[in-house]
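# Examining the three-dimensional arrangement
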Amino acid sequence: MNFISKTKADFKVVGTRVPRPDGVDKVTGRAMYGADITVPGMLTGLVLRSPHAHATIDKIDASKALALPGVKAVVTCDDLGVPEDASLRDVQDNCLARGKVLYHGHAVAGIAAIDMATAKKALKLIEVSYTPLPHVTDVDAAMADGAPVVQEGRADESVPAGSHPNVTTMQEFGHGDLDAGFAKADKIISRSFKTAATHQGYIEPHACLASVGTDGKADLWCCTQGQYFVRELCAGIMGMATSQLRVTASEIGGGFGGKTTVFIEPVALALSRKTGRPVKIVMTREDVFRATGPTCSSSIDVKIGMTNEGRITAADAQLRYQGGAFPCETVSMGAQSAFAAYDLDAVRTQGWNVLTNRPKEAAYRAPGAPMAIFAVESVVDELCQELGLDPLKTRLLNAADAGTKSSYGPTFDQIGLKATLQAALEHDHYRAPLGENQGRGISCGFWFNFGGNTCVSLNLNFDGTVGITEGNPDIGGSRAAISMMAAEELGIPYEKVRTIVADTNSLGHNDVTDGSRVTFAVGLATIEAARAAIRVMCERAAKVWGIDPDAVVWEDGCAKPSGPNAGAFDPMSIEEIAASASDTGGPIAGHYEVNAEGAGVSFGVHIADLEVDPETGHTQVLRYTVFQDAGKAVHPDYVEGQMQGGAVQGIGWALNEEYIYGEDGRLENAGFLDYRVPVASDLPSIDTVILEIPNPGHPYGVRGVGETPIVPPLAALANAASRAIGARMTELPMSPPKLLAAIMAKG
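Here we come to the state of the cysteines. Under the defined criterion, the tally for this structure stands at zero disulfides. In this structure cysteine 208 is not part of a disulfide, and its nearest cysteine sulfur, from cysteine 222, lies 6.7 Å away. With no disulfide of its own, cysteine 223 lies 6.8 Å from the sulfur of cysteine 222, the closest cysteine sulfur. Overall, cysteine 223 belongs to the buried group, its relative accessible area being 2%.

Shown next, in the form of structure tokens:
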């Protein structure tokens, strides 16, 4: 169904570049982040973590720590409940280990003391007796016969009999006859790929402050992407009614999916409940790396057949993802994304999720998709090289379009992949000359985009200004976008609208800020809330004029008679209606609650130019251009920022970032000195081209834009490097030693 109610020419506020509402606070230090919250009587909390990759916990003796002056409490898993729900139990056991530690850095105990110095001293006095167990950190090794079992009995019904106990789920998608498809091919290439686990790299570490009263009511302040989900998880773990726990989200210093769950919040609540005082916990950077979720690492096999003219005849992929020591579902999204860009008659993807002795994975921008598409787009590029085909024209020839049955099942509605590819083909970047040791890489990218449960309240103030309450932390400019859509619908200036983020007791449930859902779903709810308020304002004007409400229309921020037959009345402005609200029925508001559907899938295309030093393997990204369909770019600055940010994170994933484990299963690079993210001097200016192919599921045509830009860079950079050195790169990151080895092996 097509819900689009405005065309490009109709917009007056949407599509402009208004000042961001949080800009001054963030550059002056006035913005309050998770670690900035303090209250009187607050205690300092710290967490003791496992030095082993895998071990049983034989005994925890906290007597010496508790005897230290200033120490108020120690908590272990025994201070938390035992939820019946398996997924909630996993979250709890990840926050405080129960019986076994499952990875290096796994939390074992929490401590609360009067200050940081005392807490650090006391942490060293907690005595834990371990019995080390064999461990495994590589996904392929974890599936092999004889591999150490991370957790027994975690496989679900999808796992074939005879699989290793570390395999927890298996999914398969596709359609058509693979054998017949490969028989039509003039060229078939099969390749195996590996990608490393990478961290979201947000600047702000996890931080929270918990306060539990003697009456059982509790407050929690934290940096999160979803305060309602935090409430649900913590209330379940603590055995509380959700109404008795209020969670307030702080400003957030980056999340990218990594702040969609809890790590320290239940520990702080348990310590507060035990001491009767507020407890604050702030993770160190080392804690963040060792104990919060990175991405899955992966091992992937891809086989694609192609005709001499460039038509893909069949495509097959097997994906193996390790998501750490607890079951996850990430490979499902990777398997669904792998071939989504192509219109294929015969396609299959199979995916396995596997347990290892690593931290529990967490979402990271388009979870599961970048590594799958790295593997697929690498083989497509190699086929183009082998057959002498233009890589962009070949992708255009095979591109999915409206009406295409996707590789994962649904039939696409209106999508922008072909328009995006065409824009890349016509861009001067694609035709620019390259020098010696330089290569150009191309990749498509795909992400589903989500909608979900959403509530918005819009209140008209007596001076005609508007306050909006929504329930998703602002991680990418949502307060600006929501204010702009409200101003657009009401016909008033952007400056008259202010949007705030509510705590969990001030507004109905809102799903987590993930899946590129907020501008789409909250924007949709905001437009509907504004329309509800407009209906009330038209009724109030009709009451003043003594005419039927149906004879009143709303235009440019005013109520007006719908025509000459409705009566000769001057337009009544929003300010006039607001000022008389007390006399016409009371305060005016609009509310909307929805489980939003129709988010509209998103596609992007990236072009990357890379130079490789043949003597050292050092790489330099020379030029980078992102093309992406935004549906409707509500605030182009933010959209461009999302496109650039995703590209930069993808560049880091492709070239340098990785979790490095020693033979003892311990993480060896838990800090930004050894875990190398791109810095400004590593990068060129990231150029962006926004395309607007309206999403029929949104009144303004909006699609989510935050996830898709991290999907293509891995393949775009790998294809550029492979063309630069004349050898196919199949393992990420493409660090200088790996590139040098590939150059040396080629001879």
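We are not done yet, so read on.
This brings us to the environment of valine 689. As for its placement among the helices and strands, valine 689 is situated in strand S26 (residues 686–691). Accessibility expressed as a relative area gives 23% for valine 689, which makes it partly exposed. With 90 residues separating them along the chain, valine 689 and alanine 599 place their C-alpha atoms 21 Å apart. Not counting residues within four places of it along the chain, the set of residues in contact with valine 689 comprises His427, Thr625, Val626, Phe627, Gln628 and Met643.

Take the sheet that holds strand S6 (residues 127–132) next. Reading across from one edge, S4-S2-S6 is the order of the three strands in this open sheet, with antiparallel pairing throughout. Edge positions in the open sheet fall to strand S4 (100–101) and S6, since each of these has one partner strand only. Here strand S2 (residues 55–61) pairs with S4 via two bridges, running antiparallel. Considered in S4, the bridge of alanine 55 is made with valine 101.

In terms of residue burial, helix H12 (residues 391–398) counts as a mostly covered element, since six of its eight residues are buried. Among the residues of H12, those classed as buried are Pro391, Leu392, Thr394, Arg395, Leu396 and Asn398. Of the residues flanking the start of H12, the one acting as N-cap is aspartate 390, its side-chain oxygen 2.9 Å from the backbone nitrogen of leucine 392.

If you look at the biggest cluster of nonpolar residues, it comprises 97 residues, and the most contacted ones within it are Val302, Ile304, Phe339, Tyr624, Leu717 and Met734. Element by element, the count of residues in this core is highest for helix H11 (residues 369–387), at eleven residues. Beyond its immediate stretch of four places on either side in the chain, isoleucine 304 contacts Phe182, Lys187, Ile188, Ile189, Ile312, Ala314, Ala315, Phe339, Val376, Val379, Val380 and Leu383. Residues Val18, Met485, Leu490 and Trp545 belong to the second largest nonpolar core, which totals 49 residues.

The rules behind these values
Residues numbered from 1 in each chain as written. Predicted model: local features only at pLDDT ≥ 70, side-chain atom pairs only at ≥ 80, totals over all residues. Heavy atoms only, no water. Disulfide = S-S within 2.5 Å. Buried < 20%, exposed > 50% of the residue type's maximum accessible area, 1.4 Å probe, protein only. Helix = DSSP H or I, 4+ residues; strand = E, 2+ residues; numbered from the N terminus. Contact = heavy atoms within 4.5 Å. Pairing = 2+ DSSP bridges. Polar contact = N/O pair within 3.5 Å; in protein donor to acceptor, adjacent residues only side chain to side chain. Core = buried A, V, L, I, M, F, W, Y, C linked by side-chain atoms within 4.5 Å.

Fair warning: the whole summary comes from geometry, so function is off the table for now.
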